Amino acid sequence: MRSLLFVPGDSDRKLAKALSSGADALILDLEDSVALDRKAEARAMIRDFIASAKGQEKRPRLYVRINSLNTDFWSADLEGVMPAGPDGIILPKPRSGEDVHRLSLALDHAEEAAGLKLGSTRIIAITTEVPICVLNMPSFIGSSTRLEGLTWGAEDLSAEIGSTATREPNGALTSPYRLARDLCLFTAVSAGVQPIDTVFIDFRDQDGLRAEAAAAARDGFTGKLAIHPDQVAIINEAFTPSQREIDHARDIIAMFAASPDAGVISLNGRMYDRPHLTRAERVLARAGLANKE
Ligand code: COA
Ligand code: MG
């Protein structure tokens, strides 16, 4: 999944628009973008939306962001949406991998009640939204077989720690947020799940988004959250390997295949060894992923 678009769960207009946005996944939101007195209505709207979208042949993957496990809402959120069988649940503000485990147990029950295949609902956690989570990152590794991806949040973290900004005047993330981002990347890769970069909130700044998405793809993230349909194509492009990257990866793989005993090869005056082969294989895997949906 290259692009995951947030859609406020109580907006008919945005739900309708989201299906044709080109996003690989939609995150139907019950948390921050839905006011307290609209949560019940949003649950019903999301359930109906998923039920009807699931019948469509070519559709994005459908996730629901529930409220955090520290609230009184999350159980009712699951009760409200699980009968429609979403592809996964997005967990905000976990304190550690223990919260992923708790959610996973609740999903066991919800799946049984809804007649869904046990274990079929995946989990993506939004890490680093609370400071203690930054300190607990290794606990996400092995927290649940349902875990499919890890992303990270800067806005809630800044409110918690009292930063007045998350970025330098030139747009670069400040030190606490670079740490959060980089820990998310290392943790997701260690857990064998998808590393997903956070939102870029200045949704009219397309050049800024393009640069940030390119940097994320360069560093190893394989997708990025979106908040506006205009961001989707830019994100998809950034996380789709270019023909040049694919050709280069194929050359490296072919060179190693031609000399299976070689630990190192040379190509166009540069040295390539085993890590480069692994990287080349990842590029092709990502190209396959990107073509899937
Ligand atoms: N999903 C689906 N459709 C969206 C959308 C989204 N996230 N954001 C905007 N749209 C739609 C609008 O409804 C509008 O469609 P319309 O012309 O049929 O009414 C069109 O895209 C253009 O929107 P625009 O006027 O440029 O933006 P806006 O001022 O209406 O909305 C936001 C701006 C930020 C409020 C909106 O993008 C949004 O709600 N984003 C998601 C917020 C969210 O979920 N936050 C929580 C995670 S951080
Ligand atoms: Mg938030």
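This one's a predicted model, so the numbers in the text were calculated from it and none came from an experiment.

Caption draft 1: Inspection of the overall build of the chain at higher detail. Helices and strands together make up the secondary structure of the chain, namely 11 helices and 10 strands. Taking 2.2 N^0.38 as the reference for a compact globule, 293 residues should give roughly 19 Å; the C-alpha atoms of the chain span a radius of gyration of 20 Å, in line with that estimate. Principal-axis analysis of the C-alpha atoms gives the chain an extent of 65 × 45 × 35 Å. Within the chain, buried positions represent 50% of all 293 residues.

Caption draft 2: Just the site of ligand 1, in detail. In the vicinity of ligand 1, 15 residues are found, and the nearest of them are Phe6, Arg13, Lys14, Ile227 and His228. Between Lys14 and ligand 1, the recorded distance is 2.9 Å, taken from a side-chain N or O atom to an oxygen atom. Here His228 contributes a side-chain N or O atom positioned 2.7 Å from an oxygen atom of ligand 1. Mapped onto the shell around ligand 1, the elements with two or more residues apiece are strand S1 (3–8) and helix H1 (12–18). The element best represented in the shell around ligand 1 is S1, accounting for 4 residues. For the shell around ligand 1, a count of residues per class yields 7 nonpolar, 2 polar and 6 charged.

Caption draft 3: Up close: the packing of aromatic side chains. The final tally for this structure, using the stated rule, is 0 aromatic pairs. Sitting over the ring of Phe73, Lys39 keeps its end group 5.7 Å from the ring centre.

Caption draft 4: Main features of the pattern of salt bridges. Going through the model one piece at a time under the given rule, you end up with 21 salt bridges. Between Arg65 and Asp29 there is a salt bridge, with the nearest N and O atoms lying 2.7 Å from each other. Here the residue Arg65 occupies a position in strand S3 (residues 61–65), and Asp29 occupies one in strand S2 (residues 25–29), the gap between them amounting to 36 residues. Where Lys224 meets Glu212, a salt bridge forms, and the shortest distance between an N and an O atom there is 2.9 Å. Note that Lys224 is positioned in strand S8 (residues 223–226) and Glu212 in helix H8 (residues 206–219), a separation of 12 residues in sequence. Overall, Glu212 belongs to the buried group, its relative accessible area being 15%.

Caption draft 5: Examining the coordination of the magnesium ion (ligand 2) more closely. Those donors, Asp32 (OD) and Asp156 (OD), are the protein atoms that reach the magnesium ion (ligand 2), and they lie 2.0 to 2.1 Å from it. With Asp32 in the loop between S2 and helix H2 (39–53) and Asp156 in helix H6 (residues 155–161), the pair connects residues that are 124 residues apart, well separated along the chain. Among the residues examined, Asp156 registers a relative accessible area of 22% and is labelled partly exposed.

Caption draft 6: Focus on the nonpolar core. One finds Leu26 and Ile66 to be the most contacted residues of the largest nonpolar core, which totals 60 residues. Ranked by residue count, the leading element in this core is H2, at 6 residues. Sequence-distant contacts of Ile66, that is, excluding residues within four places in its chain, are made with Leu30, Glu31, Trp74, Asp77, Leu78, Ile89, Ile90, Leu91, Pro92 and Leu103. Counting residues in hydrophobic clusters, the runner-up holds 12 residues, among them Leu4, Phe6, Ile27 and Leu225.

Caption draft 7: Helix H7 (residues 175–191), seen in detail. Between the first and last C-alpha of H7 there are 24 Å, a value that for 17 residues agrees with the 24 Å anticipated at 1.5 Å per step. For H7, the set of buried residues is Tyr177, Ala180, Arg181, Cys184, Leu185, Thr187 and Ala188. The elements touched by buried residues of H7 are strand S5 (122–127), strand S6 (147–152), H6, strand S7 (194–197) and H8. Positioned one or two residues after H7, Gly192 has a phi angle of 70°, which is positive.

Caption draft 8: Expanded view of the environment of Leu103. Looking at the secondary structure, you find Leu103 in helix H4 (residues 97–114). Classification of Leu103 as buried rests on a relative accessible area of 0%. Linking Leu103 and Leu91, residues 12 residues apart in sequence, is a C-alpha distance of 8.2 Å. What Leu103 contacts, discounting residues up to four positions off in sequence, is Ile66, Leu69, Leu78, Ile89, Leu91 and Ile123.

Caption draft 9: Broad picture of the environment of Ser190. Within the secondary structure layout, Ser190 lies in helix H7. A sequence separation of 22 residues divides Ser190 from Glu212, and the C-alpha atoms of the two residues are 23 Å apart. Polar side-chain contacts of Ser190 include one of 2.7 Å to the backbone oxygen of Phe186.

Caption draft 10: Main features of the sheet that holds S5. Pairing in this closed barrel of 8 strands is parallel, and the strands run S1-S2-S3-S4-S5-S6-S7-S8 around the ring. Taken pair by pair, the neighbouring strands of this sheet meet at an average axis angle of 25°, ignoring direction. Sheet topology note: the S1/S2 ladder contains 5 bridges and is parallel. Of the residues in S2, the one forming a bridge with Leu4 is Ala25.

Procedures and definitions
- Residues numbered from 1 in each chain as written.
- Chains lettered and ligands numbered in written order.
- Predicted model: local features only at pLDDT ≥ 70, side-chain atom pairs only at ≥ 80, totals over all residues.
- Heavy atoms only, no water.
- Helix = DSSP H or I, 4+ residues; strand = E, 2+ residues; numbered from the N terminus.
- Rg over C-alpha atoms; globule rule 2.2 N^0.38 Å.
- Buried < 20%, exposed > 50% of the residue type's maximum accessible area, 1.4 Å probe, protein only.
- Near = heavy atom within 4 Å.
- Polar contact = N/O pair within 3.5 Å; in protein donor to acceptor, adjacent residues only side chain to side chain.
- Nonpolar A, V, L, I, M, F, W, Y, C, P; charged D, E, K, R; others polar.
- Phe/Tyr/Trp six-rings, centres within 6.5 Å; stacked < 30°, edge-to-face > 60°.
- Lys NZ or Arg CZ within 6 Å of the ring centre and 35° of its normal.
- Salt bridge = Lys/Arg side-chain N within 4 Å of Asp/Glu carboxyl O.
- Donors = N, O, S within 2.8 Å, 3.2 Å for Na, K, Ca; no water.
- Core = buried A, V, L, I, M, F, W, Y, C linked by side-chain atoms within 4.5 Å.
- Contact = heavy atoms within 4.5 Å.
- Expected span 1.5 Å × (residues − 1).
- Pairing = 2+ DSSP bridges.
- Axes fitted to C-alpha atoms, helices over the stretch in contact; angles between N-to-C directions.

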